[in-house]
Amino acid sequence: LVERVCLHCVLSSIAAAAAAELANKIALAGVYKQRDTYSTTASRHNPMLLARRSSQLHSALSVLAASNRSLVAVQRCCTAAPRPPRLLGRAMSSETDAARAAASQADSDAPTLFDKIVAKQIPATIIYEDEQALAFRDINPQAPVHFLVIPKNRNGLTRLSKMDESHKALVGHLMYVAQLVAKQENLLPGFRVVINDGPEGCQSVYHLHLHILGGRQLTWPPGC
């Protein structure tokens, strides 16, 4: 099972727990040391020594307070609106491998996965369709709302960098559909449009498509 906890939170919680344990030990050591120091007549009349012990204890308690604040922040982050689970290393590797494998078939005239969705040969959750475009939900969503917009007839538009003068109206229409469906999906606070291009752009299907992601606060810079 994949925990719905971000990597930052995991590392932060480990660091915070270690800091808390260390701070407790330092604080207790400082208290015991002061107790032993106060028990002697000489130390009771040594203001410099008392000031140094007090400073050490104050520093230890500050570290403890900071670690507790970190733990609270981690708890708040991890109990916020859940994000889709993601195995970072494995997901990144598999997506990169898929993009490299797909690049070798980029110029093939064989029907793509998206061609088959358009032809209704492969099921998909379609949320918009007109004569030129089709929008459907991503099967592996990376946000609470994640859908794709594709041209129903790719007409040589396998990737954005293959676009020519004849494609301008179609690509403009895809952008129009993207914002139209985003509004229908209640993404009024904002959303992101992503177009992967080529193997280094992590494109895994050579049929131009727009990813629209939203439904939570997105961060920058984005990753693959």
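Think of each chain on its own: its residues are numbered from 1, step by step along the sequence as written. pLDDT decides what is reported in this predicted model: residues at 70 or higher carry local features, side-chain atom pairs at 80 or more are listed and counted, and totals for whole chains, interfaces and linings draw on all residues regardless. For the side-chain quantities, the full set of heavy atoms in the structure was used; hydrogens and water were omitted.

### Describing the environment of Arg154
Then step 1. Strands are runs of DSSP state E lasting at least 2 residues, helices are runs of H or I lasting at least 4, and numbering of each runs from the N terminus. By the element assignment, Arg154 lies in the loop between strand E3 (145-151) and helix H6 (168-184).
Then step 2. Through-space distance from the C-alpha of Arg154 to that of Leu208 is 7.0 Å; in sequence the pair is 54 residues apart.
Then step 3. In what follows, a contact means two residues having at least one pair of non-hydrogen atoms within 4.5 Å. Non-local contacts of Arg154, meaning those with residues more than four positions away in its chain, are made with Ser108, Asp109, Ala110, Thr112, Asp115, Tyr206 and His207.
Then step 4. N or O atoms closer than or at 3.5 Å make up a polar contact, with two conditions inside protein: a donor-capable atom paired with an acceptor-capable one, and, for residues adjacent in sequence, both atoms drawn from side chains. Reaching out from Arg154, the side chain makes a polar contact with the backbone oxygen of Ala110 at a distance of 3.0 Å.

### Side note on the nonpolar core
Then step 1. What is meant by a nonpolar core is a set of buried Ala, Val, Leu, Ile, Met, Phe, Trp, Tyr and Cys residues, joined one to another through side-chain atoms within 4.5 Å. Burial classification: accessible surface area is computed with a 1.4 Å probe over protein chains only, and a residue below 20% of its type maximum counts as buried, one above 50% as exposed, and the rest as partly exposed. In this structure, Phe147, Val149 and Ile212 are the most contacted members of the largest nonpolar core, which totals 18 residues.
Then step 2. Of all the elements in the fold, those that place two or more residues in this core are strand E2 (133-137), E3, H6 and strand E5 (210-214).
Then step 3. It is H6 that provides the largest number of residues to this core, a total of seven residues.
Then step 4. Aside from chain neighbours lying at most four places away, what touches Ile212 is Val145, His146, Phe147, Val149, Ala178, Ala182, Leu187, Phe191, Arg192 and Val193.
Then step 5. Counting residues in each nonpolar core, the second largest holds eight residues, with Phe114, Val118, Phe136 and Ile150 among its members.

### A look at the side chain of Asp115
Then step 1. Mapped onto the elements, Asp115 comes out in helix H5 (residues 113-118).
Then step 2. Filtering out sequence-adjacent residues up to four positions away, Asp115 remains in contact with Ala110, Lys152, Arg154 and His207.

### So, the pattern of salt bridges
Then step 1. Should a side-chain nitrogen of Lys or Arg be within 4 Å of a carboxyl oxygen of Asp or Glu, the pair is scored as a salt bridge. Applying the stated rule across the entire model yields six salt bridges.
Then step 2. Ionic pairing is found between Asp115 and Arg154, a salt bridge with its closest N-O pair at 3.5 Å. One end of the pair, Asp115, is in helix H5; the other, Arg154, is in the loop between E3 and H6, and 39 residues separate them in sequence. Of the two residues examined, Asp115 and Arg154, each falls in the buried class.
Then step 3. A salt bridge links Glu165 to Lys168, with the shortest nitrogen-to-oxygen separation between them at 3.2 Å.
Then step 4. Linked through salt bridges whose partners overlap, the residues forming this network are Lys120, Glu129 and Lys152.

### Some details on the pairing of strand E1 (residues 126-129)
Then step 1. Criterion used throughout: strands pair if DSSP finds at least two bridges between them. The pairing of E1 with E2 spans three bridges and is antiparallel. Bridge pairing in E2 links Tyr128 to Ala135.
Then step 2. Turn length for the E1-E2 hairpin, with the two strands adjacent in sequence and antiparallel, is three residues.

### A few points about the sheet that holds strand E4 (residues 191-194)
Then step 1. Taken in spatial order, the five strands make up an open sheet running E1-E2-E3-E5-E4, and their pairing is antiparallel. Each end of this open sheet is capped by a strand with a single partner; those strands are E1 and E4. Taken over all neighbouring pairs, the strand axes of this sheet differ in orientation by 20 degrees on average, direction set aside.
Then step 2. Running over the sheet, H6 touches E1, E2, E3, E4 and E5 and is turned about 155 degrees from E3. Axis geometry follows a simple rule: fit a line to the C-alpha atoms, using only the stretch in contact for helices, then measure angles between N-to-C directions, giving values from 0 to 180 degrees.

### Remarks on the confidence of the model for the protein
Then step 1. The pLDDT score gives, residue by residue, the confidence of the prediction method on a 0 to 100 scale. Mean pLDDT over the protein: 76, with 57% of residues reaching 70 or higher.
Then step 2. Considering only residues more than four positions removed or in separate chains, one finds that residues 70-81, a stretch of pLDDT under 50, has 12 contacts.
Then step 3. This model gives residues 84-90 a pLDDT under 50, and the stretch forms 15 contacts once residues within four places in sequence are excluded.

### Observations concerning the environment of Pro111
Then step 1. Along the chain, Pro111 turns up in the loop between helix H4 (88-103) and H5.
Then step 2. Considering only alpha carbons, one finds Pro111 and His207, 96 residues apart in sequence, at a separation of 9.4 Å.

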